[in-house]
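Notes for the structure review
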4 protein chains.
Amino acid sequence: MSTSPYTTLKAEAYAANMELHALGLVIHTFGNVSAADTSRGVFAIKPSGVPYAKLRPEDMVVLDYNNEVVEGKLRPSSDTRTHSYLYREWEGLGGIAHCHALYSVAWAQAQQDIPILGTTHADHLTHDIPCAPPMADELIQGNYEHNTGVQITECFRERNLEPQEVPMVLVGNHGPFCWGKDAAQAVHHSLVLETVAQMAYLTLQINPGAPRLKEALIQKHYTRKHGKDAYYGQ
Amino acid sequence: MSTSPYTTLKAEAYAANMELHALGLVIHTFGNVSAADTSRGVFAIKPSGVPYAKLRPEDMVVLDYNNEVVEGKLRPSSDTRTHSYLYREWEGLGGIAHCHALYSVAWAQAQQDIPILGTTHADHLTHDIPCAPPMADELIQGNYEHNTGVQITECFRERNLEPQEVPMVLVGNHGPFCWGKDAAQAVHHSLVLETVAQMAYLTLQINPGAPRLKEALIQKHYTRKHGKDAYYGQ
Amino acid sequence: MSTSPYTTLKAEAYAANMELHALGLVIHTFGNVSAADTSRGVFAIKPSGVPYAKLRPEDMVVLDYNNEVVEGKLRPSSDTRTHSYLYREWEGLGGIAHCHALYSVAWAQAQQDIPILGTTHADHLTHDIPCAPPMADELIQGNYEHNTGVQITECFRERNLEPQEVPMVLVGNHGPFCWGKDAAQAVHHSLVLETVAQMAYLTLQINPGAPRLKEALIQKHYTRKHGKDAYYGQ
Amino acid sequence: MSTSPYTTLKAEAYAANMELHALGLVIHTFGNVSAADTSRGVFAIKPSGVPYAKLRPEDMVVLDYNNEVVEGKLRPSSDTRTHSYLYREWEGLGGIAHCHALYSVAWAQAQQDIPILGTTHADHLTHDIPCAPPMADELIQGNYEHNTGVQITECFRERNLEPQEVPMVLVGNHGPFCWGKDAAQAVHHSLVLETVAQMAYLTLQINPGAPRLKEALIQKHYTRKHGKDAYYGQ
């Protein structure tokens, strides 16, 4: 019997990793999800290099926000330092997901924000989905995964974006990072991003001059689903 | 045992909602279908926020055309007022379906009608599929879902279209609404629309100057399938 | 027990119709395959309007090349006269398939031949896949399905194409017709056409100036698979 | 009981062929994988013309690098001489895979290298994926499959590429060949190539001017996964 104090957290991280894979968002093994326990300042993340078919809840690695392993025998995902940096900098995140889904990656490689073109987008966030520029060479050659976190938070700071309002970002030339109140929501946001990325792609192929969604519709769709007057549910 | 007088109507609405989902037309939970009993002036619609895996026939909510709940404990879909408005304005509709299918949404976001380019389209309707323009700000800020219905019927009135002949519309920047003699047909029209939307997309990518289908073919394909001399069936 | 002399022919037609559907080439119910017995001058074809899930071998309708029903109680496919015309005009065809597969239809709606751009195409035929122009109005308003056959054979006559060498055609604004030595091969050619149509689409999106396959490669790939010196097999 | 000294090699080749098919990379039967035993100078390859559903490990054909059959009763794949040429010229290859996957073929037909546009690509190789030009006519008319191997190795020689560093190539107007330390890795590289081909396609549709990945990111992603300081694993 497991007597680990992190059994629930590891189960949550495990389930979210498997869901990301089941949704078809993971190309090869390129994906990782973590689940945080903010009260204890720790998070559980997928181990490095274990195929999904063999992954078990007990394989999850638990670390604190300074990347010290608290529990687990396997090596944590190589992207761990991006996760820990975001948990440390942005209070209140309960989960983070990273993947290489096709349309999300295509926009990241195109180095373009995904413009808000419709209500599917506005149901989830009121801003264009930001694409952080590729890192400066010295940041790449340094502590790369840590600096990926820096690049994300800098992008939000410069554009005055709040991570609670914009729960997703594209890292230029790389791919998407999404977050949420827990790991399941981070995975859900990854799916929303991929869907919105494909819709925006198709829209601009049909009409390269398709206008941004008008402000009144952005506000209406967002507030009917979020905030104190929310009444939305399809 | 259920002694509800709406058991059959709710079963029809339930089956149509599940079919819309099974056809892959529902992105996330973004879809809702209703089934109307025109003789009694009521319709059954999907409740708000229940995942498809947990949905049951008895969860459907029955309302009259003034949005008064006649039977059901759950909150009806947030798009209910669009459904009720269309049932009230357009006599004879037996079902309405709404979803966020990818190619349908892309054309709606492009704010373009889907031109009639081939016989697959003409087998179902003789007009371009209309894209209603986004609503004026005061309509958005008012009774939004009700006004979505207004926007649809206004679009048909201005263009002199009959809902019996054109059983589908795109709402600009939002997505498709389809209808029919019953809920199953409304779902079928949603699939037709998504297929025709993808074919038109691909056609114009290959040949941006692809001509509209000639009038003789439009009439031939439509009349061999519809009307008193119909003989069609593949 | 069936004592029909057409049991085998009907079984062949049934299996081919089900395979066309299983391959994902049939949009809705838009597809039909027939199998011919050239020695007896008859063919078996899918009945009109029966859903695939309910289709049975005994439902196939057997007709002669003058469209007289030889066996069967159901109404034959509305495209029957196109099949019979081709069997009558082009000796030796053992099967014909028609569908509304997405990329094949897109090229038909674009009213463009599919250019031969690679060895996948050349493994099957040495010519561009012809797109017959839409019919003249008087042909459409007349015996439409019969005249679809006329349009196809006229297109081949004008371009000096042999149906044995080019076992497929696009009918402008409509979709593909494919044929072969039997119904199974007609279905296989439908799949080849859809694949080649998608490859050509993607190729020209990447490089609108992609050159036609050079003649030496066309001849090499075709002759290693066809004719007396064939040695091909992957 | 089999007493063949090649049972293991044939099992490896069989499994890799089935995996290539299961991954959806084989269009029709257009695919073949071989597994080499470099110590004995032989390889096992798929037989010609056997459908995947009927393929068995014992059907694999074993040949030496001069194309002499060492074991097996069936005819080896018609592409066998391309495989043997590459094994002979490039020491150390343990497996080779060929297929007609859609996006890989599209780039080959477009006669363009696939530019390195993101980290998904850089995780596997640091170069653009080369597209060898179509062969000269006399090479096509001669020993075609042998000369396909010549065309590939010539392309690498001219561009100063090492097969260990660039484990994949497009043959112009034809399709991809991939290799690796064993047959399973050759199949994996085929999947990587198809994924990267689709990502690059989408990226350039969104932004035709998308820049090549910066050199620091290319080096970082490749070295964190390969070489003596590798630490990568998602």
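These figures come from a predicted structure and were not determined experimentally. (Residues numbered from 1 in each chain as written. Chains lettered and ligands numbered in written order. Predicted model: local features only at pLDDT ≥ 70, side-chain atom pairs only at ≥ 80, totals over all residues. Heavy atoms only, no water.)

We now examine the relation of the copies chain A and chain D. Placing chain A over chain D gives an RMSD of 0.0 Å and needs a rotation angle of 90 degrees, together with 0.0 Å of translation along the axis. One copy is carried onto the other by what is essentially a four-fold rotation axis. Residue A:Gln205 of chain A places its C-alpha closer to the rotation axis than any other residue of that unit, at 5.6 Å. The two copies present different faces, since only 5% of the interface residues in chain A are matched by interface residues at the equivalent positions in chain D. (Least-squares fit on C-alpha atoms with pLDDT ≥ 70 in both. Contact = heavy atoms within 4.5 Å.)

Bringing the interface of chain A and chain D into the picture now. Residue-level contacts link 38 residues of chain A with 33 residues of chain D. Taking both partners together, chain A and chain D bury about 2900 Å²; carbon and sulfur atoms supply 55% of that area. For the interface between chain A and chain D, the tally reads 1 salt bridge. Connecting chain A to chain D are 10 residue pairs in polar contact (both at pLDDT 80 or more). When contributions to the side of chain A that touches chain D are tallied by element, the ones reaching two or more residues are strand S1 (31–37), helix H3 (102–110), helix H5 (137–141), helix H6 (144–158) and helix H7 (183–206) of chain A. The class makeup of the residues in the side of chain A that touches chain D is 15 nonpolar, 18 polar and 5 charged. (Buried area = accessible area lost by both parts, 1.4 Å probe. Salt bridge = Lys/Arg side-chain N within 4 Å of Asp/Glu carboxyl O. Polar contact = N/O pair within 3.5 Å; in protein donor to acceptor, adjacent residues only side chain to side chain. Helix = DSSP H or I, 4+ residues; strand = E, 2+ residues; numbered from the N terminus. Nonpolar A, V, L, I, M, F, W, Y, C, P; charged D, E, K, R; others polar.)

All names here are of chain B. Reading across from one edge, S4-S3-S2-S1-S5-S8-S7-S6 is the order of the 8 strands in this open sheet, with mixed pairing throughout. Strands at the two margins of the open sheet, each flanked by one partner only, are strand S4 (69–71) and strand S6 (131–132). In this sheet, strand S3 (residues 61–64) lies alongside strand S2 (residues 42–45) in antiparallel orientation, the contact comprising 4 bridges. Paired with Ile45 across the bridge in S3 is Val61. Running at roughly 140 degrees to strand S8 (residues 175–180), helix H7 (residues 183–206) makes contact with strand S1 (31–37), strand S5 (95–99), strand S7 (168–171) and S8 of the sheet. (Pairing = 2+ DSSP bridges. Axes fitted to C-alpha atoms, helices over the stretch in contact; angles between N-to-C directions.)

Let us look at empty space enclosed by the protein. A water-sized probe rolled over the atoms picks out the places where empty space is left. In this structure the tally under the stated criterion is 7 cavities of 30 Å³ or more. Its volume calculated, the largest cavity comes out at about 60 Å³. Lining the largest cavity are B:Thr119, B:Leu217, C:Pro133, C:Pro134, C:Met135, C:Ile140, C:Tyr144, C:Gln151, C:Val171, C:Gly172 and C:His174. Split by residue class, the lining of the largest cavity holds 7 nonpolar, 4 polar and no charged. (1 Å grid on protein atoms, 1.4 Å probe; cavity = no way out; pocket = protein on both sides within 12 Å on 5 of 7 lines; lining within 4 Å. Points joined across faces, edges and corners; volume = space filled by probe spheres on them.)

With that out of the way, let us pick up the pattern of salt bridges. Enumeration according to the criterion identifies 32 salt bridges over all chains in this entry. Close ionic contact of B:Glu154 with B:Arg157 constitutes a salt bridge, the shortest N to O distance being 3.3 Å. Taken together, the positions of B:Glu154 and B:Arg157, both in helix H6 (residues 144–159) and 3 residues apart, correspond to about one turn of that helix. Owing to a relative accessible area of 51%, B:Arg157 belongs among the exposed residues under this scheme. C:Arg40 serves as the salt-bridge partner of C:Asp37, at 2.9 Å between the closest nitrogen and oxygen. What makes C:Asp37 buried here is its relative accessible area of 16%. (Buried < 20%, exposed > 50% of the residue type's maximum accessible area, 1.4 Å probe, protein only.)

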